Amino acid sequence: MEKGSSVKDLLEKHPLITNIVVTSVLMTVATMAAAAFFHYSQNSTSVAIVYVLTVMLVARYTSGYVPGIVASVVGVVCVNYVFTYPFMKMNFTMDGYPVTFLGMLVVSGITSTLTTKFKRQSQLLNEGEKMLMEAEKETMRANLLRAVSHDLRTPLTAVIGLSNAYLDGGEQLSEEEKRQMIKGIQEEAGWLLNMVENLLSVTRIRVGDVKIATSPEPLEEVVSEAVQRFHKRLPQASVRVRVPDEFLMVPVDAALIEQVIINLLENAVYHSGVAEGIDFFVEKGENQLEFHIRDYGNGISQERLERIFDGAGMESNESGDSHKGMGIGLTICKTIITAHQGSIQAFNRDPGAEFVFTLPLGEERIYD
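Below is a summary of the structure that appears in this document. (Residues numbered from 1 in each chain as written. Predicted model: local features only at pLDDT ≥ 70, side-chain atom pairs only at ≥ 80, totals over all residues. Heavy atoms only, no water.)

## Notes on the overall build of the protein chain
(1) Moving on: Assigned secondary structure in the protein chain consists of ten helices and seven strands.
(2) Moving on: Put simply, the protein chain has 368 residues, and 39% of those count as buried.
(3) Moving on: Counting only contacts in the protein chain whose residues sit at least 6 apart along the sequence, the fraction spanning at least 24 positions is 71%.
(4) Moving on: Within the structure as shown, the protein chain displays about 21200 Å² of accessible surface, and the carbon and sulfur contribution to it stands at 60%. (Helix = DSSP H or I, 4+ residues; strand = E, 2+ residues; numbered from the N terminus. Buried < 20%, exposed > 50% of the residue type's maximum accessible area, 1.4 Å probe, protein only. Contact = heavy atoms within 4.5 Å. Areas by Shrake-Rupley, 256 points an atom, 1.4 Å probe, with all protein chains shown as cover.)

## Side note on the environment of Asn267
(1) Moving on: Along the polypeptide, Asn267 turns up in helix H8 (residues 254-272).
(2) Moving on: The class for Asn267 is buried, based on a relative accessible area of 6%.

## Considerations on helix H4 (residues 66-81)
(1) Moving on: For H4, with 16 residues, the first-to-last C-alpha span of 22 Å sits near the 22 Å given by 1.5 Å per residue.
(2) Moving on: Taken residue by residue, H4 has Pro67, Gly68, Ala71, Ser72, Gly75, Val76, Cys78, Val79 and Asn80 as its buried positions. (Expected span 1.5 Å × (residues − 1).)

## As for the packing of aromatic side chains
How two aromatic rings sit relative to each other is given by the distance of their centres and the angle of their planes.
(1) Moving on: One pass over the full model with this rule turns up two aromatic pairs.
(2) Moving on: A centroid spacing of 6.1 Å and a plane angle of 90° characterise the contact between Phe309 and Phe355, whose relative ring orientation is edge-to-face. Of the two residues, Phe309 is situated in the loop between helix H9 (302-306) and helix H10 (327-339) and Phe355 in strand E7 (residues 353-360); the sequence distance between them amounts to 46 residues. Phe355 carries the same exposure label as Phe309, and that label is buried. (Phe/Tyr/Trp six-rings, centres within 6.5 Å; stacked < 30°, edge-to-face > 60°.)

## Points about unusual backbone geometry
(1) Moving on: Here the bond from Asp350 into Pro351 is cis, since omega is 0°, no more than 30 degrees from zero.
(2) Moving on: Checked against the element boundaries, Pro351 lands in the loop between strand E6 (343-348) and E7.

## Some remarks on the packing of helix H7 (residues 219-233) against H8
(1) Moving on: Contact geometry for H7 and H8: axes closest at 9 Å, N-to-C directions at 45°. Classified by the interaxial angle, the pair formed by H7 and H8 is oblique. The hand of the H7/H8 crossing is right-handed. Touching Val222, Glu225, Ala226, Arg229, Phe230 and Arg233 of H7 are Ala254, Ala255, Ile257, Glu258, Gln259, Ile261, Ile262, Leu265, Glu266 and Val269, all from H8.
(2) Moving on: Taken together, the residues that form the contact of H7 with H8 break down as ten nonpolar, one polar and five charged. (Axes fitted to C-alpha atoms, helices over the stretch in contact; angles between N-to-C directions. Parallel < 35°, antiparallel > 145°, perpendicular 65-115°, else oblique. Left-handed = near helix turned anticlockwise from the far one by under 90°. Nonpolar A, V, L, I, M, F, W, Y, C, P; charged D, E, K, R; others polar.)

## Quick notes on the packing of helix H2 (residues 15-41) against H4
(1) Moving on: Following both chains from N to C, one finds H2 and H4 inclined at 30°, their axes separated by 11 Å at the closest point. By the angle between their axes, H2 is roughly parallel relative to H4. Remark: the crossing between H2 and H4 carries right-handed chirality. Residues Asn19, Thr23 and Met27 of H2 pack against Pro67, Ala71, Val74 and Gly75 of H4.
(2) Moving on: Looking at the contact of H2 with H4 residue by residue, the classes come out as four nonpolar, three polar and no charged.

Quick look at the structure:
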C-alpha cells in the first residue's frame, strides 16, 4: 500500500512524469490494437481511426496541449512508417498520401486542442462551483451564529431580569406576582432547552456532508411523537392533524424530522398572532411526502419571507419577547430537510402563513 501510494503521490506532484507515462502507455496500447486491426483488415484507414481516438484519450488524461500534439505526430508517423507500404520506411511521395497524412495530423491536433480546452473549462467550472459552495457554507455559518446569538441572548436576559426582580422585590411582591415571575422563568428556560435541542440536532449532521443515516420509519409514529412532544411544551395549543390512510414507511432520521415539525408548530403558535388552531397535514405525492403546517394569523412580511430560512430574515424582536425570533429554528429546519434530500418553503395565505417541506418516499411501502 505504501509503495502504491508513493507512486501515486509522485505522479500527482510531477505532471510531466504523468504526461509521459500516460502518453507512452496509451500509444503503446494503440499500436498493439492498430497492429491487430491491420493484420485482419489490411486497411490503414482503421489504423488511423485507432490513433485519432487514442489522441483524444491522451488529451483527456494528461495536462496541457503538448501531450496531445506529440501523440498526433507519433500517430501520423506510425501510420506512415509501420502500416503503409513500403513498410518500415517513410514515404510521402505516393499519390494522395501527403494530403491524407496532413489531414490526419490536423484533425488529431484540433481534436487534442479542443479536448484539452474543454477539460480545462470543466475544471474551471468545478472550481467555481466549489468556491460558490464554500461561500454559501460560510454565509450559512455566519447566519447561524447570528441567529444563535440572537435567539439565546434574549431568553437569557429575560431569565436574569426576572430572577433579579424576584430577589430584589423580596416580601414586597405578592404570591401571584412571584408565581408569574417563576412561570416566566420556566417558559424562558423551556425555550432555551428547545434551542439547545436544535443545536444538538444540527451537530448530528456532518459538516460538508448532505447525507445522514436514515431508516424506514412509520409515518404515523413520526407525526404522533412530534405532536405529543409539542403538546408537552404547549398544552393549550390546538393542532388539527391529518395523515394519509395507508400505512407508509418513510426513510428518515426520526428525531431530526420530529424536531423540524416541533419547530414549525411552535413558530405557528408564537407568530400567528391569533388563537385559532393550526392545521398540520401530510399528503403523499408520486415519489415524496408533503408536510403542511398552516396557521390563520397575520402572515409574514414579503421582505422576511424571501430570507426566512437563512437565519437573517426573522431577527427583529422589537417587543422583547424571546419567542418572536425565528432565526435559528428555521435555519436548522432547512439544514435538516436538505440533509434528507428534501425541500422546504414558506408561503403567505389568506389569511395566515403556511410552511411546506418534502421528504423523498422510499421504495419500501406497506399497505393495509
